[in-house]
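Examining the three-dimensional arrangement
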Amino acid sequence: MHAAEELGSIAQALRSGVVVAPKGIPAMFSEHDLQQIDQASRTDRTPAIFVHGLWLLPSSWERWAEVFRAAGFIPVLPGWPDDPDTVAEAKAHPEPLADKTVGQVTEHLETLIGRLPRLPVIIGHSFGGLVAQILAGRGLSAATVAIAPAPFQGVLPLPASTLRAAAPVLSNPANRHRAVPLTSEQFRFSFTNAVDEDEAEQLYQTFAVPAPGAPLFQTAVANLNPWSETKVDSTCPRRGPLLIISGEKDNAVPWAIANAAYQKQLRNEYAITEIIEMPRRGHSLTIDSGWREICDIALRFIQQFAPLPTRESPTGK
């Protein structure tokens, strides 16, 4: 059976209540994930995969997806394993979010990418930016944009603001196995410090969900663990072009971390590596009122290097 037909049959089975996972498709993939991959497999367009980070869901990328769709890409907004469908559901029932590691998220997305007929472009924010770089280092991305990316193994700076942003999780070792919410004040410091109070509260109510504590514990000890799941192969010949975007006022991932990642990625002799610092922008730069500026920068970079989107295939829907 053709991969697109197989995914279509799985999605239909999920809709009918019969959960199946043939030929290596794990049951943890949601109907939404499978439908998106099915759609992307039925066109000649380049898939654009958007990877969210902690305290957000795939819905945080919906406006970006429409911009990329209008530019000719096929957007794919996969969840992390067991992501709830909505912010309301995640707040009411956060338990499925717990115990998700960087490695689990990466393998989840690698399996989805393996079902695509062509290499995607990948855009990731925060821990999604870390995962995007891991996937690129495995040769799985035609071009990558890592926005305010969480640090990978070998990135050494640890600014005080980063420690404060991580404190709601790292202050309690039991949070390693929990889904941890942020208060409005904590979200304000970590994400929305660069916008006014009204917008900060609106963003908190609209987008913020509990997040697994495990990834923060993994990055905290990454440089002491030779087997860390946060390892990135920055010298892979198939890594592809990479852009890192940093916000000047980002408390969670300040310039020191983003630039250290850039310096590591510069070791790649086979593909271009660039970095941009956005003035007056914080960690919420992908979701706040200035999101379109960041989206356009990412799109222009990708359009320089990724395979050009083409017309729909004769079998496309």
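Throughout what follows, the structure given in this document is the object of discussion.

Here is what the cut-offs are and how they apply
- Residue positions are given per chain, counted from 1 along the sequence in the order it is written.
- Local features in this predicted model are restricted to residues whose pLDDT is 70 or higher, and side-chain atom pairs enter the listing and the counts only when it is 80 or higher, whereas totals over whole chains, interfaces and linings include all residues.
- Note that water and hydrogens are dropped before the side-chain values are worked out from all heavy atoms of the structure.
- To obtain an axis, a line is fitted to C-alpha atoms, over the contacting stretch when the element is a helix, and the angle between two such axes runs from 0 to 180 degrees between their N-to-C directions.
- Helix numbers and strand numbers start at the N terminus; a helix is a DSSP run of H or I with at least 4 residues, a strand a run of E with at least 2.
- Working definition: roughly parallel below 35 degrees, roughly antiparallel above 145 degrees, roughly perpendicular at 65 to 115 degrees, and oblique for all remaining angles.
- The handedness criterion is simple: a crossing whose near helix is rotated anticlockwise from the far helix by less than a right angle is left-handed, and one whose near helix is rotated clockwise is right-handed.
- Residues count as neighbours in contact if any of their non-hydrogen atoms are within 4.5 Å of one another.
- Residues are sorted three ways: Asp, Glu, Lys and Arg are charged, Ala, Val, Leu, Ile, Met, Phe, Trp, Tyr, Cys and Pro are nonpolar, and all the rest, Gly among them, are polar.
- Residue types Ala, Val, Leu, Ile, Met, Phe, Trp, Tyr and Cys, when buried and joined through side-chain atoms within 4.5 Å, form a set referred to as a nonpolar core.
- Here the term buried applies to any residue with accessible area under 20% of the maximum for its type, exposed to any over 50%, and partly exposed to those in between, with areas from a 1.4 Å probe on protein chains only.
- Each pair of aromatic rings taken from Phe, Tyr and Trp, with Trp reduced to its six-membered ring, is defined by centres within 6.5 Å and is described as stacked if the planes are under 30 degrees apart, edge-to-face if over 60, and tilted in the remaining cases.
- Being paired, for any two strands, means DSSP has found at least two bridges between them.
- The arc in question is the one traced by the directions running from the helix axis out to the C-beta atoms.

Between helix α5 (residues 102-114) and helix α6 (residues 127-137), the least distance of the axes is 10 Å, while the angle of their chain directions is 55 degrees. One finds that α5 runs oblique with respect to α6. You can see that α5 and α6 cross each other, and the crossing is right-handed. Contacts from V102, V105, T106, L109, E110 and I113 in α5 reach F127, L130, V131, I134 and L135 in α6. A class-by-class count of the residues in the contact of α5 with α6 yields nine nonpolar, one polar and one charged.

Considering soluble globular proteins, one finds that nonpolar side chains tend to be buried as a cluster. The biggest cluster of nonpolar side chains holds 87 residues, and the ones touching the most others in it are W64, F68, I123 and I302. When residues of this core are assigned to their parent elements, the largest contribution, eight residues, is made by helix α12 (residues 291-305). Residues within four places of I123 in sequence aside, it is in contact with A48, I49, F50, V51, W61, W64, F68, V145, I147 and I302. Residues L97, A98, A179 and V209 belong to the second largest nonpolar core, which totals seven residues.

Moving on, we come to the packing of aromatic side chains. Taken as a whole and assessed by the stated rule, the structure comprises nine aromatic pairs. Measuring from ring centre to ring centre gives 5.2 Å for F50 and W61, while their planes differ by 40 degrees; the resulting arrangement is tilted. Residue F50 is found in strand β1 (residues 47-51), and its partner W61 is found in the loop between β1 and α3 (62-70); the two are separated by 11 residues along the sequence. A residue is classified by how much of its surface remains accessible, and W61, at 1% relative accessible area, is buried. Taking the centre distance of 4.5 Å and the plane angle of 10 degrees together, the rings of F187 and F191 count as stacked. A relative accessible area of 1% places F187 in the buried class.

Strands sit in the order β2-β1-β3-β4-β7-β8 across an open sheet of six strands; the sheet is parallel. Strands with a single pairing partner mark the edges of an open sheet, and in this sheet they are β2 (74-76) and β8 (273-278). If you compare each strand with its neighbour and ignore which way they point, the axes differ by 15 degrees on average. Each of β1, β2, β3 (121-125) and β4 (144-147) touches α3; the most contacted strand, β1, lies at about 165 degrees to it.

We now examine helix α7 (residues 160-170). Residues of α7 that are buried include every one of S161, T162, A165, A166, P168 and V169, and no others. Down the axis of α7, the smallest arc covering the buried residues is 130 degrees, so these residues share one side. Seen from the buried face of α7, the exposed residues on the opposite side, beyond 90 degrees, are A160 and R164. Summarising the contacts, the buried residues of α7 are in contact with β5 (179-180), α8 (184-190), α10 (214-220) and α11 (255-265).

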